[in-house]
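Tertiary structure, described
Here is how the chains run, residue by residue.
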Amino acid sequence: MLLRFVTKNIGVAVVQIIIVATIVFSLLRFMPGDPAVLVLGTERGADPEAVAAMRTTLGLDQPLLTQYLGWMTDIVRLDFGQSLFNNIDVTTYIAERLPKTLELAIAAIIIGAIIGISLGIIAAVKRGSIVDMIVSTIAAAGMSFPVYVTGTAFILLISLQLNLLPASGYTEFSEDPIGHFQRLLLPAITIALPLAASIARMTRSSMLEVLGKDFVQTLRAKGLAEKLVIYKHVLRNAIISVITVIGLELANLIGGTVLIEFLFNWPGLSTLLVEAINNRNYPIIQGSIIVIAAFYILINRSVEIIYGLMDPRTR
Amino acid sequence: MVKKFMTIFILLFVVAGVLGACSSNEGSSEGQQDNGGSEGDKSGGSLTFGLAAEPTTMDPYIQNGTHGRTVKLAIFRGLYNYNEKGELEAELAESYTANDDLTSYTFKLRDAKFHNGDPVTAEDVKYTFERILDPESGATFKTELSIIDSIEVDGDKTITFNLSEPSAPFVHYTALPESVIVSKSYTEANIDDIATKPMGAGPFKLVSWTQGSNIIVEKFEDYYKEGQPYLDEIEFQFYTEENTRVNALRAGDVDLVETVPWKDTESIGNTDNLKLESANGPFMALQFNTDFEPFSKPEVRQAIAYAIDRNAIINTAFSGRGEPIYGMATLEGYMGYDEKFTTYFEHNIEKAKELLAEAGYPDGFKATLLSTSQYGMHEQTAVAVQSELKKIGIEVELELPDWATRINKNVEGDYQFLVVGTSGDITDGDWMSNFYTGGPARLNNSANFDDEQINSLLEQGRKEVDPAKREEIYTQLMERAMELSPFVYLSWREQSYGMQENVNGFVNLDGFLSFQSGVTLEETYIED
Amino acid sequence: MLKRFFRNRTFLVSFIILLPVLIVALIGPLIIPHDPLAINQNAVLKGSLSGYPLGTDEYGRDILSRLILGIRPTMLVAFGATIIAFVGGVTVGVIAGYARGILEKAIMRTIDIILCFPPILLALMVVGFWGAGVKNLILIIGFLYIPYFARITHSATLQVKGLEYVQSELSLGASHFRVITKAILPNIMSPLIIQISLTIAAAILLESGLSFLGLGVVPPDPSWGQMIGDARGYIYNNPMYVIWPSLCLGVTMLAINLMGDSFRDILDPKLKNR
């Protein structure tokens, strides 16, 4: 039973990824803008013959179906092709940029979770008080200011006025570990704020839900210390919903860091994708979106699998 | 438990703050490294250069943008190149001679080496140009160079180009960054990777190119100019977002940046430890599709030239930097220059309305202006033009797709008029060919504009041997160009490089050559 | 019912903030002191001038007038997209819940796939070939949020359809339309309303994010996100240029989020017993 459940979920995931790939492929071919023209440089017009020759070199003059089938068979072997502008494998690009987005996302999740869960617990425990109101308002505010606004404010304040951290860029951890973290901090915190806000709210409402349950009354009646009740029992039960939210936010982040990577010049997957879109670099666009969608689908499926494991009723 | 969380969090923040404070006291790390020499010795040091984009390719025969050309000119050299004064200077060639009717040019090469130690020979030069002329090649200037009929090699150091027609500007075309010399053996062996593994005979050689991050080049010890380059190493970093680029300069993360946004020029100029190198370079103009009825009439185009207050554009899109062009985009010293051409038009709304009425549009008309949302200066110029033309009754709607789409529409002639920001490629008068030769839509012409007189004058200018007669031809050409105004020139765009106080020797070339300023990297040094 | 809303403090606060915003959105063109498109090249990037209390932008245009007019496209996109998402989502969800079998599976899996695409990236690509502008934004964003409404409606449909009294009504000849309107929809009003407030907030963020990148509302028409994007570069020249629209956007979003919170407080049955 369990195996079938897991296999079915994975099977569904694979089909979804294939469909996403197909949609992306088609959308791209309908976008105006000829990659061949862009490869030849747009500062100066190229001869029509040069463009035609480039289209042949890039394989763009073949019938769509041939291109599609060729690409799909390559994908299955995890060959995403080469960039249209040079012969570098798409997988090289993605392998270079994906970890940087992941690092940013994970750092943000960690910071956001720490802040969010703490605040959520406080608000739940002190429900109805001024503290609760303040925390709830801060949480609402955290979700309300767009990341590009808070990001800009941070850069202005912390980098340019106070000179505490670099304004942008990326250095390899191996070259300069301290510099690496210095550059990671601002973008991670900027993303972490709205995360913390939504995690705090989820934590709060989830804890309130559990606090209202009968077994909590029972524990208290038995004379158990309040701290133990909260942390050992209530939190443990409430945390499941919170973890779900965290998982979903992580999934969203993989493709959602566009604005932050743009602001902080962080060389992640999102900026790779945006540049590729600007350059109509089809193989990179296709490869990146598939990777992003695959992450999204897999994380969602994992959450469902975990849910299914923990609560057999939902299978 | 909550308290534990909070303490951890506060600790993290404090640690980060301490780390931040500790390291920032050391100042900008990359820029002020070991300046090897002292006592006025310029050599040594490494420079971090913030480019506005990552080059898409380093295959030299493709015009890959200012950012690409900057790197290209660090790594390669041509037979001739433009120097910091904007003059043709012999590089890999020592000298040249031409026959009387300018149909044959012979170059003598100097002793020079490629980065892999191979000598630069006439065979390499021949290979370079044959590669450009190959029918399958994507070389940007193939058309201009296609007047080369045959190439003769005489020993290792002499090469002759036989042309199919007389060409006065030929040497200028060899000075283009796209005509730099490549090694025949190296290119043939590396043909699949040539876009990412450039190797030339220039002052710096490629160390590494990390896609999405940086290009690192280091000093080429056997460069043919004694004592140059001064710098040991240059790291080109990519900052596509202009504000991020400027912030990096302010924060000391980089030593030199290109394309300083105009709004930041004043504040950078006023910052103590920073300085600016500014020059008027490319121009902004309007390009017309003469298939669209109102734009088929020269009176309408002239009306537009009279109607637009150039300062409206300069003060808004360019923060007051740059110079208006009320006439032809030509500079003193350029062929055919005459002051009357730079004041051919003036801001005169009444005159504009008169011309419109003459052309048959007393109540104006509707038109769509193509530009792009991807580059602020283009979009802002379009907004300003829209506002100005409203005053003479031309209702303009803006079309602002991304750059790739805008280029597509341009090349296919799918526009009514558009905003263009570009430059001539060479300083010789023949730069006008690219723009004024008649025909159907291509990138740099006014689609479907075709004037016999202009076509003929352009051809004559190319073939005329006598410099005085050439001047006359180009003067006539400009007169006609103003009468018909297939292009309405708006303003000179000021290009600024921003740098730390201690960066010297980098020169922003004037006029059309601003995009080729990378050639001065060989003379750039960092002062202690 | 309405009284319950107004007795909730959070709702009250958000209502007080949002009401003027809505009013200004409606009567905007009547109260603007200046033409928001009028370029004034001699007064660019001023902090505050007589007649221009909030200052001017890089074209010398009045920021106050642009802020006032800038509400409209944002609200248009927010409400337009939400309506499309609501109508589309509920319809699709009901059909899926009713149809069962393969059609249901196909619909729900398609919904999943739409959710797979990071909204901003899909919007980027689609704007790339359809072009920007309010109309396209409403369509794209609306489309992207259909899945959320579809899911709620779908599971509610399944639930309600299985109820005994509904089965008996159906067998007695009640029309499906009746069942939908009288039994299903009222049951999910609460989660739907909450989802509406979430979608409005998300739509505003997405539109402003796209406008920030230059791909949203077409210049020279203003929108708050676009103003922030344009203003970002001019922080040194006129910081108020970025601060005003940021504040407006942030406070409005805050009010919308608080209102959504209050809805959840009032309508969520699980929290009813507090």
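Every value quoted in this text rests on a predicted model; they were computed, and no experiment measured them. (Residues numbered from 1 in each chain as written. Chains lettered and ligands numbered in written order. Predicted model: local features only at pLDDT ≥ 70, side-chain atom pairs only at ≥ 80, totals over all residues. Heavy atoms only, no water.)

Observations concerning the sheet that holds strand S6 (residues 148-154) of chain B
Residues and elements named next belong to chain B. If you trace the 4 strands from one edge of the open sheet to the other, you get S4-S5-S7-S6, paired in antiparallel fashion. Each of the sheet's edge strands pairs with one partner strand only, and the pair in question is strand S4 (93-98) and S6. Mean inter-strand twist for the sheet, computed between neighbouring axes without regard to direction, equals 20 degrees. With 5 bridges connecting them, strand S5 (residues 104-109) and strand S7 (residues 158-163) associate as antiparallel partners. In the sheet register, Ser 104 faces S7, and the bridge partner there is Asn 162. Sitting on the sheet, helix H3 (residues 122-133) touches S5, S6 and S7, and the angle it makes with S6 is about 165 degrees. (Pairing = 2+ DSSP bridges. Helix = DSSP H or I, 4+ residues; strand = E, 2+ residues; numbered from the N terminus. Axes fitted to C-alpha atoms, helices over the stretch in contact; angles between N-to-C directions. Contact = heavy atoms within 4.5 Å.)

Concerning the interface of chain A and chain B
Taken residue by residue, the interface counts 50 residues in chain A and 54 residues in chain B. Summed over both sides, the interface between chain A and chain B buries roughly 4,500 Å², with carbon and sulfur atoms accounting for 59% of that surface. It is Glu43(A), Arg44(A) and Asn265(A) that lose the most area in chain A upon contact with chain B, and together they represent 16% of the buried surface on that side. There are 2 salt bridges connecting chain A and chain B. Taking the shortest distance from any N to any O, the salt bridge between Asp253(B) and Arg183(A) comes out at 3.6 Å. If you look at where chain A meets chain B, you find 5 residue pairs in polar contact (both at pLDDT 80 or more). At the level of elements, helix H2 (35-39), helix H3 (48-58), helix H5 (90-125), helix H7 (147-161), helix H8 (177-211), helix H11 (258-264) and helix H12 (269-279) of chain A are the ones that each hand at least two residues to the side of chain A that touches chain B. Of the residues that constitute the side of chain A that touches chain B, the class distribution is 28 nonpolar, 13 polar and 9 charged. (Buried area = accessible area lost by both parts, 1.4 Å probe. Salt bridge = Lys/Arg side-chain N within 4 Å of Asp/Glu carboxyl O. Polar contact = N/O pair within 3.5 Å; in protein donor to acceptor, adjacent residues only side chain to side chain. Nonpolar A, V, L, I, M, F, W, Y, C, P; charged D, E, K, R; others polar.)

Thoughts on a negative patch on the surface
Residues and elements named next belong to chain B. A grouping of Asp 272, Glu 501, Glu 527 and Asp 528 is seen on the molecular surface, where their side chains present a negatively charged patch. With respect to the helices and strands, the residue Asp 272 is situated in the loop between helix H8 (262-270) and strand S12 (274-288). Of the residues examined, Asp 272 reaches a relative accessible area of 72% and is grouped as exposed. (Patch = residues over 30% accessible without salt bridge, like charges linked within 9 Å, V, L, I, M, F, W, Y side chains within 5 Å. Areas by Shrake-Rupley, 256 points an atom, 1.4 Å probe, with all protein chains shown as cover. Lys, Arg positive; Asp, Glu negative; His and termini not counted. Charge placed at Lys NZ, Arg CZ, Asp CG, Glu CD. Buried < 20%, exposed > 50% of the residue type's maximum accessible area, 1.4 Å probe, protein only.)

Let's talk about the interface of chain A and chain C
The interface of chain A with chain C comprises 44 residues on the first partner and 37 residues on the second. Among the residues chain A hides against chain C, the three largest losses belong to Leu27(A), Ser144(A) and Tyr148(A). Together they make up 15% of the total. Applying the counting rule to chain A against chain C returns 4 residue pairs in polar contact (both at pLDDT 80 or more). When residues of the side of chain A that touches chain C are traced back to their parent elements, those giving at least two are helix H1 (2-30), helix H6 (130-144), H7, H8, H11, H12 and helix H13 (282-310) of chain A. Per element, the largest residue contribution to the side of chain A that touches chain C is 9 residues, and it comes from H1(A). By residue class, the composition of the side of chain A that touches chain C is 34 nonpolar, 6 polar and 4 charged.

Re the packing of helix H16 (residues 452-463) of chain B against helix H17 (residues 467-484) of chain B
All names here are of chain B. Contact pair H16 / H17: the axes reach a minimum separation of 9 Å and the direction vectors enclose 155 degrees. What the angle tells us is that H16 and H17 run roughly antiparallel. Seen from above, H16 lies across H17 with left-handed handedness. Contact residues: Gln 453, Ile 454, Leu 457, Leu 458, Gln 460, Gly 461 and Arg 462 in H16; Arg 470, Ile 473, Tyr 474, Gln 476, Leu 477, Arg 480, Ala 481 and Leu 484 in H17. (Parallel < 35°, antiparallel > 145°, perpendicular 65-115°, else oblique. Left-handed = near helix turned anticlockwise from the far one by under 90°.)

Some details on H3(B)
Since there are 3.6 residues in each turn of an α-helix, residues three or four apart along the chain are aligned in direction. Here H3(B) contains 12 residues, and its C-alpha end-to-end distance of 17 Å stays within 8% of the 16 Å for a straight helix at 1.5 Å per residue. Turning to H3(B), the residues buried within the fold contact S5, helix H4 (142-145), S6, S7, helix H5 (170-174) and helix H6 (184-189) of chain B. (Expected span 1.5 Å × (residues − 1).)

Describing the packing of aromatic side chains
Across all of its chains, the model carries 43 aromatic pairs over all chains by this definition. Geometrically, the ring pair formed by Phe161(B) and Phe170(B) is tilted, given 5.5 Å between the ring centres and 55 degrees between the ring planes. One aromatic cluster is present, formed by Phe283(B), Tyr334(B), Trp431(B), Phe435(B), Tyr436(B), Phe487(B), Tyr489(B), Trp492(B) and Phe512(B) through successive ring pairs. If you follow Arg29(A) out to its NZ or CZ, it ends over the ring of Phe25(A), 4.0 Å from the centre. The ring centre of Tyr234(C) lies 5.4 Å from the NZ or CZ of Lys263(B), which sits over that ring. (Phe/Tyr/Trp six-rings, centres within 6.5 Å; stacked < 30°, edge-to-face > 60°. Lys NZ or Arg CZ within 6 Å of the ring centre and 35° of its normal.)

Describing the pairing of S6(B)
Pairing of S6(B) with S7(B), which is carried by 6 bridges, proceeds in the antiparallel orientation. Residue pairing across strands places Ser150(B) opposite Asn162(B), the latter belonging to S7(B).

Some words on the pattern of salt bridges
All names here are of chain B. For the structure on display, the rule yields 40 salt bridges over all chains. One salt bridge connects Glu 91 with Arg 77, and the closest N-O pair in it is separated by 3.2 Å. A residue pair is termed long-range when its members are at least 10 positions apart, and Glu 91 in the loop between strand S3 (88-90) and S4 and Arg 77 in the loop between helix H2 (65-75) and strand S2 (80-82) qualify at 14 residues. With a relative accessible area of 2%, Glu 91 lands in the buried category. In this structure, Lys 391 engages Glu 388 in a salt bridge whose closest nitrogen and oxygen atoms are separated by 3.0 Å. Since its relative accessible area comes to 3%, Glu 388 is described here as buried. Connected through salt bridges with shared partners, the residues Arg 77, Glu 89, Glu 91, Lys 225 and Glu 522 form a single ionic network.

Let's talk about the domain arrangement of chain A
Segmenting chain A into domains produces domain 1 (16-90) and domain 2 (99-267). On a C-alpha basis, the centres of domain 1 of chain A and domain 2 of chain A stand 40 Å from each other. (Domains from an automatic or database assignment.)

Looking at helix H13 (residues 376-390) of chain B
With 15 residues, H13(B) should cover 21 Å at 1.5 Å per step; its first-to-last C-alpha distance of 21 Å lies within 8% of that length. For H13(B), the tally of buried residues reaches 13 of 15 residues, placing the bulk of the element in the interior.

Describing the pairing of strand S10 (residues 233-238) of chain B
Residue and element names in this part refer to chain B. Most of S10 is tucked away: 5 of the 6 residues are buried. As paired elements, strand S1 (residues 46-51) and S10 share 6 bridges and run parallel to each other. Following the sheet pairing, Leu 51 is matched in S10 by Phe 238. Here strand S9 (residues 214-219) pairs with S10 via 5 bridges, running antiparallel. Paired with Asn 214 across the strands is Gln 237, a residue of S10.

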